Amino acid sequence: MKVVAGFLFLTSLLKGCISGSSEICPGSNADKHAKCSMTVTFPSANCSVVSYEILSRLRGLNGWIDPHNQGTYELLEEDKERNQITASRLTGDRKYTDKFQFGLTEIDGKTDACEVTACSESQVRSVIDYSTNYCNLRSLYCNSSDGCPVVASSLEYEETYSDCTQRDAEKCIADSVH
């Protein structure tokens, strides 16, 4: 029995190390909470362009308003050395705050391509978030063909999900934005 328990502990430890190495989640004090973790590839934009668009939306430049029920974004940290952005979003009804991070990496061998690891986590106990964590992230890079308001660049992208089961893109744009 000790061998099996030891094996299961080692397996879960290794799984945590492997998945933790590519995940950029900010953490949450809530024991059970919703989250969305994914990788977004921008095949036609370098990381400077992607970062500028994300930061511009976070700051509400050019009158940008969150299309997902007009939540309030706050930039918590911009780490230029590590190419990371940490921020939070207060829901439009001002009841809940989520934290999220983006990690930007230039794609080797491509002059205009960027890969972004992204993760948003609820800061309170939650299981179902109706795509809110997904929308926290997506609203900061989605493009005009998605129906999203854009500050400077309408970015082409492809999303790959690692832990983001609640991800309905239609919920990211409130009817009042259209």
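Scroll up for the structure.
Scope of this entry: the structure provided in the associated data block.

Overview of the state of the cysteines
Next, step 1: In this structure the tally under the stated criterion is five disulfides.
Next, step 2: Two residues, Cys-25 and Cys-119, share a disulfide whose sulfurs are 2.0 Å apart. Disulfide Cys-25-Cys-119: the torsion about the S-S bond is 85°, which places it as right-handed. Linking Cys-25 in the loop between α1 (2-22) and β1 (35-42) with Cys-119 in strand β5 (residues 114-122), this pair joins segments that are 94 residues apart in sequence.
Next, step 3: Since its relative accessible area comes to 22%, Cys-25 is described here as partly exposed.
Next, step 4: Paired by a disulfide, Cys-36 and Cys-164 hold their sulfur atoms 2.1 Å apart. Its S-S torsion of about -90° marks the bond between Cys-36 and Cys-164 as left-handed, since a negative value means left-handed. Linking Cys-36 in strand β1 with Cys-164 in the segment after β6 (158-163), this pair joins segments that are 128 residues apart in sequence.
Next, step 5: Since its relative accessible area comes to 2%, Cys-164 is described here as buried.

Some remarks on the pattern of salt bridges
Next, step 1: If you walk through the whole model with that rule in mind, you get seven salt bridges.
Next, step 2: The partner of Arg-138 in a salt bridge is Asp-146, with the nearest N and O atoms 3.6 Å apart.
Next, step 3: With relative accessibility at 27%, the residue Asp-146 sits in the partly exposed group.

Considerations on the sheet that holds β5
Next, step 1: Strand order in this open sheet of six strands is β2-β3-β4-β5-β1-β6, and the pairing throughout is antiparallel. Since the sheet does not close on itself, it has two edges, and those belong to β2 (72-79) and β6, each with one partner. Within the sheet, the average angular offset between the axes of one strand and its neighbour, ignoring direction, is 20°.
Next, step 2: In the sheet, β2 pairs with strand β3 (residues 84-90) via seven bridges, with the strands oriented antiparallel. Counterpart to Leu-75 in the pairing with β3 is Ala-87.

What counts, and where the lines are drawn
- Each residue is numbered by its place in its chain's sequence as written, counting from 1.
- Per-residue local features are limited, in this predicted model, to residues with pLDDT of at least 70; the limit for side-chain atom pairs, both in listing and counting, is 80 or more; totals at the level of whole chains, interfaces and linings are taken over all residues.
- As a rule here, side-chain values come from all non-hydrogen atoms in the structure, and water together with hydrogens is ignored.
- The disulfide criterion is simple: two cysteine sulfur atoms within 2.5 Å.
- Secondary structure follows DSSP: runs of H or I at least 4 residues long count as helices, runs of E at least 2 residues long count as strands, and numbering of each begins at the N terminus.
- Exposure is judged per residue with a 1.4 Å probe applied to protein chains only, and the accessible area is read against the type maximum: over 50% gives exposed, under 20% gives buried, and values in between give partly exposed.
- Should a side-chain nitrogen of Lys or Arg be within 4 Å of a carboxyl oxygen of Asp or Glu, the pair is scored as a salt bridge.
- Pairing between two strands requires that DSSP report at least two bridges joining them.
- The axes used here are C-alpha line fits, helices contributing only the stretch in contact, and every angle between their N-to-C directions lies in the interval 0 to 180 degrees.

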